[in-house]
Amino acid sequence: MVITKICCLGAGYVGGPTCSVIALKCPNIRVTVVDKNEERIRQWNSDKLPIYEPGLDEVVKKCRGTNLFFTTDIVKSIEEAELIFISVNTPTKISGNGKGRAADLKHVENAARMIAEIAKGNKIVVEKSTVPVRAAQSIMKILKANVSPGINYQILSNPEFLSEGTAIADLLGADRVLIGGEESPEGQKAIKELCWVYEHWIPSERIITTNTWSSELSKLAANAFLAQRISSINSLSAVCEATGADVSEVARAIGRDSRIGHKFLEASVGFGGSCFQKDILNLVYICECLNLPEVAAYWQQVIDINEYQKSRFTKGIIESLFNTVSDKRIAIFGFAFKKNTGDTRESPAICVSKRLLEEGAYLQIYDPKVDAEQIDYELEGASKKYEIHTSAMLSAVNAHAIVICTEWDEFKELDYNVLYDVMMKPAYIFDGRKILNHEHLTNIGFQVKTIGKRLHNGESTGMWETC
Ligand code: NAD
Ligand code: UDX
């Protein structure tokens, strides 16, 4: 089979950018991205794409209408395609068995059922969503139970490793592409066909092929390892605050060991995003189901430390502001879970904001890429004592404190002399991302507190009082 038409079910943060890059690099393949959400498809076909991702606009503009299409016509797209990516969401279950931990596979199952119902010819079905180990078996069961005579399906696992904010660069220059499939000749043939698609721009030595279950588990493992590094350094940030060590210096020192490496050692207010927590919870659940409680407990700690870090940071803010934030104006700088994205899923800013609102604070929130509607959505159920601003400067007016929740570059460029003038005194800055020049801010007159380092601000010697 020569792949000439690809269909992707799910036009989200993964389906949209991944298929745009495939279309860009494979001009002879017609790539159709489908979604059941009409509004999302309308946005993909408009000038304002539904997600913000550096470089994405240019790629979409170049390919859209030529070999890249966004549509809600699921039937036609499935019928025509030889290869179908399943890129639908797999959130943590919110009810029933495994509530709060297991991945909810209802959208993957629906996608498989749609394919089974619509397909009239052979298909390679590629699981791109992050799923529990052996999910491909369930997809195969559904497809085989509903197969029309003469149709042959191959299921591949091809997890996605892109990070938001750098998705296009990650897709264009992927460290590796992972493809898992059956060891049968048909399975190996399907693997080769998907390899051929990626080989349009990824050197073949960077394409790893494995069995299906290894591929599925590797995705969960990669996210677990990355998040574990953040929780490890964040756990040490508490030790630094208690002892006078500086977590950035510790990260630099250990990162120089080539076996450890320097990436993903930035201590922070905690990790966010739609993947880390969800995927580790899923791994924990799988281990529990496999009767491996020690392994489950080990990975659960990565999540527990992240929760600890978010609440430790917020507790430190309240304590520093004389143990009460009631009716104090606090500027929240950044609401996205990291810079260069408008995504707020599991953003630490939500946790920090909700806690401060609970304590009676009045929040003045600013994020360059998150719109007001999204902030309202995330803060639903919390006190309405907040307003959303269109600039960092406006959000600082009359504030007792600035809290940096996202590491947007523009926060480094602000004129903090002016910000100091418009704020209440003493004016505090809580740098949850360690991005500012703390010495400069202290010289201006700010009381500065950051993660993993004691700063000497006038009468205060400690960061958070940890004991
Ligand atoms: P998303 O919520 O942004 O997008 C998923 C889309 O799928 C939604 O638009 C939804 O309407 C659509 N959908 C659901 N069921 C459908 C169906 N039956 N037919 C057509 N469309 C359907 O999710 P996402 O962030 O793109 O993540 C997708 C998957 O990729 C998840 O499993 C996630 O864990 C994984 N992943 C995400 C990232 C990331 O950075 N966001 C990175 C790697 C892997
Ligand atoms: C992650 C994985 O990196 C990616 O491979 C996978 O496909 C999806 O999940 P993403 O969540 O988009 O990507 O962003 P990432 O850069 O991993 O950051 C996740 C969170 O960790 C962010 O909140 C970020 O600010 C935080 N982080 C990251 C730290 O706190 N410290 C670090 O050193 C790195």
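Structural data are supplied above this passage.
What you are looking at is a predicted structure, and each value in this text was computed from that prediction instead of being measured.

What counts as what
Residues numbered from 1 in each chain as written. Chains lettered and ligands numbered in written order. Predicted model: local features only at pLDDT ≥ 70, side-chain atom pairs only at ≥ 80, totals over all residues. Heavy atoms only, no water. Helix = DSSP H or I, 4+ residues; strand = E, 2+ residues; numbered from the N terminus. Rg over C-alpha atoms; globule rule 2.2 N^0.38 Å. Buried < 20%, exposed > 50% of the residue type's maximum accessible area, 1.4 Å probe, protein only. Contact = heavy atoms within 4.5 Å. Areas by Shrake-Rupley, 256 points an atom, 1.4 Å probe, with all protein chains shown as cover. Lys, Arg positive; Asp, Glu negative; His and termini not counted. Charge placed at Lys NZ, Arg CZ, Asp CG, Glu CD. Near = heavy atom within 4 Å. Polar contact = N/O pair within 3.5 Å; in protein donor to acceptor, adjacent residues only side chain to side chain. Nonpolar A, V, L, I, M, F, W, Y, C, P; charged D, E, K, R; others polar. Pairing = 2+ DSSP bridges. Right-handed = clockwise from strand over helix to strand, strands pointing away. Phe/Tyr/Trp six-rings, centres within 6.5 Å; stacked < 30°, edge-to-face > 60°. Lys NZ or Arg CZ within 6 Å of the ring centre and 35° of its normal. Axes fitted to C-alpha atoms, helices over the stretch in contact; angles between N-to-C directions. Parallel < 35°, antiparallel > 145°, perpendicular 65-115°, else oblique. Left-handed = near helix turned anticlockwise from the far one by under 90°.

Visitor: How should the overall build of the chain be read in this particular structure?
Guide: Check the secondary structure of the chain and you find 18 helices and 14 strands. Relative to the globule expectation of 23 Å for 467 residues, the C-alpha radius of gyration of the chain, 24 Å, shows essentially globular dimensions. Considering only C-alpha atoms, the chain reaches an extent of 80 × 50 × 45 Å along its principal axes. Across the 467 residues in the chain, those meeting the buried criterion constitute 54%. Excluding contacts between residues fewer than 6 apart, the proportion of contacts in the chain whose partners are at least 24 apart in sequence is 74%. Here the chain has roughly 20,700 Å² of accessible surface; of this, 51% comes from carbon and sulfur atoms. Taken as two groups, the 53 positive and 59 negative side-chain charges of the chain have centres that lie 2 Å from each other.

Visitor: What exactly am I supposed to notice about the site of ligand 2 here?
Guide: Among the 20 residues in the neighbourhood of ligand 2, the closest are listed as Phe161, Leu162, Glu164, Ser268 and Arg433. Gly272 places a polar main-chain atom, nitrogen or oxygen, 2.9 Å from an oxygen atom of ligand 2. Protein chains shield 91% of the accessible area of ligand 2, which is 660 Å² for the free molecule. At four residues, the largest contribution of residues to the shell around ligand 2 is made by helix α9 (residues 212–243). Looking at side-chain class alone, the shell around ligand 2 contains 10 nonpolar, four polar and six charged residues.

Visitor: Looking at this structure, how should I read the environment of Ser163?
Guide: Looking at where Ser163 falls in the secondary structure, it is placed in the loop between β6 (153–157) and α7 (167–172). Classification of Ser163 as partly exposed rests on a relative accessible area of 28%. Between the C-alpha atoms of Ser163 and Cys275, which are 112 residues apart in sequence, the distance is 9.6 Å.

Visitor: Any chance you could explain the pairing of β6 here in plain terms?
Guide: Consecutive side chains of a regular strand alternate in pointing toward one face of the sheet and then the other. Of all five residues that make up β6, five are buried, and the element is covered over most of its length. Bridging between strand β5 (residues 123–127) and β6 involves five bridges; their strand directions are parallel. Paired with Glu127 across the two strands is Ser157, which belongs to β6. In this view, the connection linking β5 to its parallel neighbour β6 by way of helix α6 (residues 135–145) has right-handed handedness.

Visitor: Looking at this structure, how should I read the packing of aromatic side chains?
Guide: The description of two aromatic rings rests on the distance between their centres and on the angle between their planes. Evaluation of the coordinates by the stated rule reveals 12 aromatic pairs. Judged by centre distance (5.9 Å) and plane angle (40°), the rings of Phe225 and Trp299 are tilted. Of this pair, Phe225 sits in helix α9 while Trp299 is found in helix α12 (residues 293–320), placing the two residues 74 residues apart along the sequence. Overall, Trp299 belongs to the buried group, its relative accessible area being 10%. Taking 5.7 Å as the distance between ring centres and 5° as the angle between the ring planes, the aromatic pair formed by Tyr428 and Phe430 counts as stacked. Site record: aromatic cluster; members linked through ring pairs are Phe225, Tyr298 and Trp299. Over the face of the ring belonging to Trp213 we find Arg134, whose NZ or CZ atom lies 4.2 Å from the ring centre. One Lys or Arg, Arg176, reaches over the ring of Phe161 and ends 3.6 Å from the middle of that ring.

Visitor: Hey, could you run me through helix α13 (residues 348–358) in this one?
Guide: Because an α-helix completes one turn every 3.6 residues, residues spaced three or four positions apart along the sequence face the same direction. Regarding α13, the residues found buried are Pro348, Ala349, Ile350, Val352, Ser353, Leu356 and Leu357. Here the buried face of α13 lies against α12, β9 (329–333), β10 (362–366), α14 (372–378), β11 (386–388) and β12 (401–404). Of the residues one or two after α13, Gly360 is the one with positive phi, at around 95°.

Visitor: Looking at this model, I keep getting lost on the site of ligand 1. Mind explaining?
Guide: Every one of the 24 residues lining ligand 1 counts as a neighbour, but Asp35, Arg40, Thr90, Glu164 and Lys278 are closest to it. In this structure, Val14 approaches ligand 1 through a main-chain N or O atom, which is 2.9 Å from an oxygen atom. A distance of 2.6 Å separates an oxygen atom of ligand 1 from a polar side-chain atom of Lys278. In isolation ligand 1 exposes 830 Å². Once the protein is present, 94% of that is buried.

Visitor: I keep staring at helix α1 (residues 15–25) and nothing clicks. Help me out?
Guide: Across the 11 residues that make up α1, a large majority, nine, are buried. Residues of α1 that are buried: Gly15, Gly16, Pro17, Thr18, Cys19, Ser20, Val21, Ile22 and Ala23.

Visitor: I'm lost on the packing of α12 against α13 in this one. Help?
Guide: Relative orientation and spacing of two packed helices are given, respectively, by the angle between their axes and the distance between those axes. It is at 10 Å that the axes of α12 and α13 come closest, and there the two elements cross at 40°. On the basis of their axis angle, the class for α12 and α13 is oblique. Seen along the crossing, α12 lies across α13 with a hand that is right-handed. For the pair formed by α12 and α13, the contact residues are Lys310, Phe313, Thr314, Ile317 and Ile318 on the first element and Pro348, Cys351, Val352, Arg355 and Leu356 on the second.

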